[in-house]
Each structure stands twice: as structure tokens, then as C-alpha cells.
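Fold and contact review
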Amino acid sequence: LGDIVGWIALNRTITDEERIELLAYYAKRGAGGLLVPGDELIRNGDFSDSMTDWTLSNDADGGVVNGAVVFGREADNFDAILSQFVTGEPETYRIVSFEVVAVSSPSMRLEVRGQGPDVIYQNLTAGVHEVVVPSGLSKIQFVTRTTEETLSLDNISVKKLVKS
């Protein structure tokens, strides 16, 4: 399964056809059947409970507006970070999906942090995104890179891939 890393679609959402092909690839490689999204591994991804379970770092400003989180920085050159640790076993593959409601700059990104040195980046554009990430995921964070940028997100989800 290690060569599945080549399937990660950076800077864009994977298509339905790519997702079907990816899951079929798992089946051919001996995964014992198609893998489908399983249990949710983060909390409050729809921000229905305001900012509960989410952390804003580097003095980022943020809150929930019209059901979506909006955050950024107004001063200094530190990254504004919205993050949450992911529950479950980090050795499994995960599907990360989220909706970018509004973005003020293309320099914003998703960072998926794990047990090793690898970090997966994806520049953010408006729309729904889905990214398959390899094992080791333990923290998901969204980052604005410069001052006066804001990012609005909703429907954040991290699910373990399980056999169907």
C-alpha cells in the first residue's frame, strides 16, 4: 500500500472517477475489498457548537459566522492556524474532506501532520475538497500565510478508510 501515496491529488479535488479507481486499486493490491469512509475522527467539523474542539494558534482571530468558521490575522507575519488532533489509530489511511467557503489568497493551505517528518500541503481554493492521506495522520490544520488574509471553512471531516 505504500505506493498509494502517488494518488494524492494536490492543489485540486479528486474526481469521482479517480476515487473509484483509487478504491479499486486498494482491492487489487490485496486490501481484502473496497475501502470506504468509516467513522468520523474529528469533532465539531460543521462548527454547530461554535469553536469547540478547535484551536486557533499564533494569536489568530476567528469565530463562526453563518455556520462556517472564519479566521485569519490582522498583524505581524506569523501564520494563523486552525487545528485539531485526530482520534483513532494513526497507522491507517484517511480521507480528509472540507469545504472552503471563502478564501482571500491562494497562499492558504491544508497541513496534515503525522508521526513522521512528512507534511502534506494543498493550496486552498473555494469549493469542496477531498484528499486521501497516508498513514500517520495525527493532526489537521489550516494555515493562512500572511497578514490580512482570511479563510472560511465548513464541513471538515476526517474518516478512516475501512473495508466495505
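Look up a bit, the structure's there.
Residues numbered from 1 in each chain as written. Predicted model: local features only at pLDDT ≥ 70, side-chain atom pairs only at ≥ 80, totals over all residues. Heavy atoms only, no water.

**A word on the overall build of the chain**
Broken down by element type, the chain carries one helix and eleven strands. Ordered by position from the N terminus, the helices and strands of the chain form the series α-β-β-β-β-β-β-β-β-β-β-β. Counting all 164 residues of the chain, 43% fall into the buried class. Contacts in the chain between residues far apart in sequence, at least 24 positions, make up 70% of those at least 6 positions apart. Accessible area for the chain stands at about 8,200 Å²; split by element, carbon and sulfur atoms hold 49% of it. (Helix = DSSP H or I, 4+ residues; strand = E, 2+ residues; numbered from the N terminus. Buried < 20%, exposed > 50% of the residue type's maximum accessible area, 1.4 Å probe, protein only. Contact = heavy atoms within 4.5 Å. Areas by Shrake-Rupley, 256 points an atom, 1.4 Å probe, with all protein chains shown as cover.)

**Notes on the packing of aromatic side chains**
The full count for this structure, using the stated rule, is two aromatic pairs. Judged by centre distance (5.0 Å) and plane angle (75°), the rings of F98 and F142 are edge-to-face. Of this pair, F98 sits in strand β6 (residues 94-103) while F142 is found in strand β10 (residues 137-144), placing the two residues 44 residues apart along the sequence. F142 carries the same exposure label as F98, and that label is buried. (Phe/Tyr/Trp six-rings, centres within 6.5 Å; stacked < 30°, edge-to-face > 60°.)

**Here's the deal with the nonpolar core**
Counting 27 residues, the largest nonpolar core has F98, L110, I140, F142, L153 and I156 as its most contacted members. At the level of elements, β4 (68-72), β5 (80-85), β6, β7 (109-114), β9 (127-133), β10 and β11 (150-163) are the ones that each hand at least two residues to this core. Top contributing element to this core by residue count: β11, with four residues. Each residue touching I140, except ones within four places of it in the same chain, is listed here: I42, L82, S83, Q84, V86, V96, L110, E111, I156 and V158. Within the second largest apolar cluster, seven residues are counted, among which are L35, I95, V132 and L161. (Core = buried A, V, L, I, M, F, W, Y, C linked by side-chain atoms within 4.5 Å.)

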